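Examination of the molecular architecture
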Amino acid sequence: MSVATEAAQIRDLFEQIAEIEEVALTLHEDDARRHKLTGVVARALRKAPPIRPVVAGELLDLTEKTVKAWAREGVLSISAKQPRMLLDAERLHEVLHLVSDLRRAGKSRGLLDEVHRRLSDLALRDRADLAVSLEQMHRGEGHVVRTG
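Here's what I pulled together on the structure shown here. (Residues numbered from 1 in each chain as written. Predicted model: local features only at pLDDT ≥ 70, side-chain atom pairs only at ≥ 80, totals over all residues. Heavy atoms only, no water.)

Mapping A80 onto the fold places it in strand β1 (residues 78–80). Under the relative-accessibility criterion, A80 is labelled partly exposed at 22%. Linking A80 and L59, residues 21 residues apart in sequence, is a C-alpha distance of 19 Å. In contact with A80, other than residues within four places in its own chain, are M85 and L86. (Helix = DSSP H or I, 4+ residues; strand = E, 2+ residues; numbered from the N terminus. Buried < 20%, exposed > 50% of the residue type's maximum accessible area, 1.4 Å probe, protein only. Contact = heavy atoms within 4.5 Å.)

In structure tokens:
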């Protein structure tokens, strides 16, 4: 399959997913329909085939060399290394959102560092222990610890 055909198929999938995500965001966080839609998105991304770096480059508007460097840095997840590198569609979708947001904000240089920072922030936000600590802080529990 050609790069253009493969990129068009993945782009179509990601556009369908974006439409579902857009509808899900219109619903309240506690709405069961929102959770159902986010589950549909997650399943679709898990079922998506791994993606060649050249195709990911087409989607991200980056060179294949840059995409491979991002994969080695851990920004993009590698699904397979042999016989050729293939990337995880779920992570690519997440990174594509971040890159699109950054470009809309006028950012075109230093994308790797900025995407890496944002992924780290998202990972922190999803940590259960941090959520518990923040809830405790909001309730006024705990005490201030000063060093030095």
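After that view of the structure, there is still more to cover.
Core analysis: the biggest nonpolar cluster contains 30 residues, and F14, L60, W70, L76, V95 and V115 have the highest contact counts within it. Mapped by element, the contributors of at least two residues to this core are α1 (3–25), α2 (32–47), α3 (53–60), α4 (64–73), α5 (89–104) and α6 (111–125). For this core, the element with the most residues is α5, which contributes seven residues. Each residue touching F14, except ones within four places of it in the same chain, is listed here: L45, I51, L59, A89, L92, H93 and L96. (Core = buried A, V, L, I, M, F, W, Y, C linked by side-chain atoms within 4.5 Å.)

Another point: a negative patch on the surface. A contiguous patch of negative charge, built from D12, E15, E19 and E22, is present on the exposed surface. Residue placement: E15 occurs in helix α1. (Patch = residues over 30% accessible without salt bridge, like charges linked within 9 Å, V, L, I, M, F, W, Y side chains within 5 Å. Areas by Shrake-Rupley, 256 points an atom, 1.4 Å probe, with all protein chains shown as cover. Salt bridge = Lys/Arg side-chain N within 4 Å of Asp/Glu carboxyl O. Lys, Arg positive; Asp, Glu negative; His and termini not counted. Charge placed at Lys NZ, Arg CZ, Asp CG, Glu CD.)

Moving on, we come to the packing of α3 against α5. In a pair of packed helices, the angle between the axes and the distance between the axes together describe the arrangement. For the pair α3 and α5, interaxial distance at closest approach is 10 Å and the crossing angle is 30 degrees. With respect to α5, the axis of α3 lies roughly parallel. The interaxial crossing formed by α3 with α5 has right-handed handedness. Across the interface between the two elements, A56, L59 and L60 of α3 pack against L92, V95, L96, V99 and R103 of α5. Grouping the constituent residues of the contact of α3 with α5 by class yields seven nonpolar, no polar and one charged. (Axes fitted to C-alpha atoms, helices over the stretch in contact; angles between N-to-C directions. Parallel < 35°, antiparallel > 145°, perpendicular 65-115°, else oblique. Left-handed = near helix turned anticlockwise from the far one by under 90°. Nonpolar A, V, L, I, M, F, W, Y, C, P; charged D, E, K, R; others polar.)

Counting buried residues along α3, six of its eight residues qualify, which places the element largely inside the surrounding structure. Along α3, the residues that are buried comprise P53, V55, A56, G57, L59 and L60. D61, located one to two residues past α3, shows a positive phi value of around 60 degrees.

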